[in-house]
Each structure stands twice: as C-alpha cells, then as structure tokens.
Amino acid sequence: GAVVSQHPSRVICKSGTSVKIECRSLDFQATTMFWYRQFPKQSLMLMATSNEGSKATYEQGVEKDKFLINHASLTLSTLTVTSAHPEDSSFYICSARSGTPQFFGPGTRLTVL
Amino acid sequence: QKEVEQDPGPLSVPEGAIVSLNCTYSNSAFQYFMWYRQYSRKGPELLMYTYSSGNKEDGRFTAQVDKSSKYISLFIRDSQPSDSATYLCAMMIGGQNFVFGPGTRLSVLP
C-alpha cells in the first residue's frame, strides 16, 4: 500500500517557539494532503485540507495564522505550529491521497512545555 | 443526527472469536467506504476499501456494505490479541467530503 511518512515522530519544545512537522508521500504523488490532531482517547479532528500549489482550507475554529500549512510539492506538506503553547500539545497526523482512500502518516507527538 | 455513527465500545472478546464492527450513516450520497485500524499513538492504517454494496474479503477481514440500509460492517475472524486497536470506519462522496466515524475500541483477550 501507499506509504506516508512524518517527521519528527516526537518533539518537545518550549512555550513560544515554533515547530515544523513534515509529511511526505513516499511512493505516490498526493494531490491532496490533510492535517488532523487527536487528543488522547478521542477521534481524529480534521484541521485543514491542502492541495498542491494552493492555499490550505481550514476547518472552522482552526486558526490559520497559528497553524501554517505549506503544500509546495506533490509529495511534501508541512505544518508549522507558531508560538506554540501547552494547549497545542497533541498528536498531529497527516494523510495524503491520490485517488480515493486516504493514507495516513504515523503521527507526530508534540509536547509544549 | 451525526453523519456517521459507530459504537465507541470498548468491545472485549476472547481470542479466536469473530468480531463484528458496525457503522451507520445518514447521507445516501456516500460512495466509498473504508475501514482503518489505529493502534495507540500511531496513525490509522487502511484495512479495507470498498465501493459497491456487498462483501469484500481480505484474509481474516471481511467488509460488508449495505447501501440500502446505510450500514457497513467489518468482520474479523479468528481474532488475535494483536487485533486490539481502535477501528474507524470512513466514507467519502466522490473525491471530497471524507468523514470518519468516532471509532470502536476493541480488546481481544488472550
């Protein structure tokens, strides 16, 4: 099946710093990439959808200035959490698709101290 | 009414049991149906992907879609402790409107 990678798998940062998470589709070109966050024992919450070369579409309640998404190529999307605060600590998961099913990355655990 | 409903569980079964996981949905326009498995602290893994009504089998897994009843199921035969995870159903309309169910937590006890 299609493989999606994320980097880093885990990051710990101080409050006020910015963190960048990369999402790559390794063996296919992703026309669309998605970013989710997940709190413990809760379901995935879609944050934004991005198409290569265009601005991301953010879900209601997600601050686009805080969660910057760049989808510069068909195999790479990045999520930057700007001025991170402890409440941004969560599990961030990307997914990618070219065609119908989405394929998910392994996730990035962000801890903001 | 939520678009996709799924019993959150937890569902506990003994090893070797047949597991039945189900989702119901309200939007008859959904065309594509998927089942994902998510282990704790990992991203979801695609297990099954179906388009039409009927059954699709892959090893110990069988996905069943009944569009007339707006009901999909995933059956796991000869369940193993390694099957313990959260199972998420998902569905799409064309290439858009991807919707997840909330997930069912499954525990297979040795």
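Residues numbered from 1 in each chain as written. Chains lettered and ligands numbered in written order. Predicted model: local features only at pLDDT ≥ 70, side-chain atom pairs only at ≥ 80, totals over all residues. Heavy atoms only, no water.

### A few points about the state of the cysteines
Taken as a whole and assessed by the stated rule, the structure comprises two disulfides over all chains. Disulfide pairing is shown between Cys23 of chain A and Cys94 of chain A; the S-S distance is 2.0 Å. Because the torsion about its S-S bond is 80°, the bridge between Cys23 of chain A and Cys94 of chain A counts as right-handed. Here Cys23 of chain A, found in strand E3 (residues 19–25), pairs with Cys94 of chain A, found in strand E9 (residues 90–97); they are 71 residues apart in sequence, far enough to count as distant. Judged by its relative accessible area of 0%, Cys23 of chain A falls in the buried class. Residue Cys23 of chain B pairs covalently with Cys89 of chain B via a disulfide, S to S 2.0 Å. Taking the sign of the S-S torsion, about -100° here, the bridge from Cys23 of chain B to Cys89 of chain B comes out left-handed. With Cys23 of chain B in strand E3 (residues 19–25) and Cys89 of chain B in strand E9 (residues 85–93), the pair connects residues that are 66 residues apart, well separated along the chain. Taken individually, Cys23 of chain B and Cys89 of chain B each receive the classification buried, so the pair is uniform in this respect. With no disulfide partner, Cys13 of chain A has as its closest neighbouring cysteine sulfur the one in Cys94 of chain A, 18 Å distant. According to the relative accessible area criterion, Cys13 of chain A is buried, its value standing at 9%. (Disulfide = S-S within 2.5 Å. Helix = DSSP H or I, 4+ residues; strand = E, 2+ residues; numbered from the N terminus. Buried < 20%, exposed > 50% of the residue type's maximum accessible area, 1.4 Å probe, protein only.)

### With respect to the packing of aromatic side chains
Within this structure, the stated rule accounts for 13 aromatic pairs over all chains. Relative to Phe33 of chain B, the ring of Tyr25 of chain B lies with its centre 5.3 Å away and its plane at 45°, an arrangement referred to as tilted. For Tyr25 of chain B, a relative accessible area of 5% translates into the label buried. Site record: aromatic cluster; members linked through ring pairs are Tyr36 and Phe104 of chain A together with Tyr36, Phe98 and Phe100 of chain B. (Phe/Tyr/Trp six-rings, centres within 6.5 Å; stacked < 30°, edge-to-face > 60°.)

### A closer look at the interface of chain A and chain B
Between chain A and chain B, the residue contacts involve 16 residues of the former and 18 residues of the latter. Together chain A and chain B conceal approximately 1400 Å² of surface at their shared face, both sides included; 61% is due to carbon and sulfur atoms. Its largest share of buried area at the contact with chain B, chain A owes to Thr100, Gln102 and Phe104 of chain A, together 33% of the area lost on that side. Our count for the chain A to chain B interface comes out at zero salt bridges. Counting every contact that joins chain A to chain B gives three residue pairs in polar contact (both at pLDDT 80 or more). With three residues, the single largest contributor to the side of chain A that touches chain B is E9 of chain A. Looking at the side of chain A that touches chain B residue by residue, the classes come out as eight nonpolar, five polar and three charged. (Contact = heavy atoms within 4.5 Å. Buried area = accessible area lost by both parts, 1.4 Å probe. Salt bridge = Lys/Arg side-chain N within 4 Å of Asp/Glu carboxyl O. Polar contact = N/O pair within 3.5 Å; in protein donor to acceptor, adjacent residues only side chain to side chain. Nonpolar A, V, L, I, M, F, W, Y, C, P; charged D, E, K, R; others polar.)

### A short note on the sheet that holds E3 of chain A
Residue and element names in this part refer to chain A. Read across the open sheet, the four strands follow the order E1-E3-E8-E7; overall the sheet is antiparallel. The open sheet has two edge strands with one neighbour each: strand E1 (4–7) and strand E7 (67–73). The mean angle between the axes of side-by-side strands here comes to 15°, regardless of whether they run parallel or antiparallel. Two elements, E7 and strand E8 (residues 76–81), share five bridges in a ladder whose sense is antiparallel. Paired with Phe67 across the bridge in E8 is Val81. (Pairing = 2+ DSSP bridges. Axes fitted to C-alpha atoms, helices over the stretch in contact; angles between N-to-C directions.)

### A closer look at the layout of surface pockets
Volume-wise, the largest pocket comes out at about 590 Å³. If you trace the largest pocket, you find 25 residues lining it, with Pro40, Lys41 and Gln42 of chain A together with Thr86 and Arg105 of chain B closest to the centre. Broken down by secondary-structure element, the contributors of at least two residues to the lining of the largest pocket are E9 and strand E11 (104–109) of chain B. Looking at the lining of the largest pocket element by element, the count peaks at four residues for E11 of chain B. Class assignment for the residues of the lining of the largest pocket results in 10 nonpolar, 10 polar and five charged. The space that makes up the second largest pocket amounts to roughly 330 Å³. Considering the residues around the second largest pocket, the lining is formed by 16 residues, among which Ser43, Leu44 and Leu46 of chain A together with Val99 and Phe100 of chain B are closest to the centre. Secondary structure elements with two or more residues in the lining of the second largest pocket: strand E5 (45–51) of chain A together with strand E10 (96–100) of chain B. The element contributing the most residues to the lining of the second largest pocket is E10 of chain B, with three residues. (1 Å grid on protein atoms, 1.4 Å probe; cavity = no way out; pocket = protein on both sides within 12 Å on 5 of 7 lines; lining within 4 Å. Points joined across faces, edges and corners; volume = space filled by probe spheres on them.)

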